[in-house]
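# Structure assessment
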Amino acid sequence: HPQTKKGDNAKFLRNALASYNLPTIDIGDAKAVEERIGWYFNHCLENDCKPGIAGLCNALGITRMTFFNWQSKVTRDRKEHHDLAVRAKGIIEELYEQYMMNGKINPVSGIFLMKNNFDGYYDRQDVVLTPGSPLDPQKDEAELKRLYAANDVEDE
């Protein structure tokens, strides 16, 4: 369970509400988006809070999916939105990498955040099938003969 001290939850909620209570911006206006991204990072600096993708999206008044679509150029054909999303996401990714390398974030939380918010982080498990292993689909002799016969016909 999370280790919070008295007052932590109020601080976290106060930071989230600061973004939530901002006036809406025209998210089609790249300059307004850039200014709001700057506001968010400065707010995190001034209030000693870790920035995150969800917090950034809250400040922008958009969903995480909209943000990831900007980053991957799915919904906006404007290069500015893509560039702003990539740069902002890069800052947060760098910070989380530093937090993890310097023991400033629970490793399990860090791994979860990195795998779910940033490209190229994933768990990999290689599976090697060997004949007779539980994952090897067993075929009876008649089925194998039929498969080999079909392949022989195709090779001719």
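To keep things clear, this report deals only with the structure shown in the data block.

What counts, and where the lines are drawn
The residue count restarts for each chain, going from 1 along the sequence in the order it is written. Whole-chain, interface and lining totals are the exception, using all residues; otherwise, since this is a predicted model, local features are given only for residues with pLDDT of at least 70 and side-chain atom pairs are given and counted only at 80 or more. Only heavy atoms go into the side-chain values, all of them from the structure, while hydrogens and water stay out. Pairing of aromatic side chains here covers Phe, Tyr and the six-membered ring of Trp, requires ring centres within 6.5 Å, and sorts the geometry by plane angle: under 30 degrees stacked, over 60 edge-to-face, intermediate tilted. Think of it in three bands: residues with accessible area under 20% of the maximum for their type are buried, residues over 50% are exposed, and the middle band is partly exposed, with areas taken using a 1.4 Å probe on protein chains only. In this text, helices come from DSSP runs of H or I with a minimum length of four residues, and strands from runs of E with a minimum of two, each type numbered from the N-terminal end. A ring has a charge above it when a Lys NZ or an Arg CZ is no more than 6 Å from the ring centre and no more than 35 degrees off the ring normal.

## Some thoughts on the packing of aromatic side chains
- Under the definition given, this model contains three aromatic pairs.
- For the ring pair F67 and F68, a centre distance of 5.8 Å and an interplane angle of 70° mean the geometry is edge-to-face. Both residues of the pair, F67 and F68, count as buried.
- Where Y96 meets Y99, the ring centres are 5.2 Å apart and the plane angle is 85°; that geometry is what we call edge-to-face. Here the residue Y96 and the residue Y99 both occupy positions in helix α5 (residues 79-101), the gap between them amounting to three residues, near one helical turn. Here the two residues Y96 and Y99 agree in accessibility, since each one is buried.
- One Lys or Arg, K50, reaches over the ring of Y99 and ends 5.2 Å from the middle of that ring.

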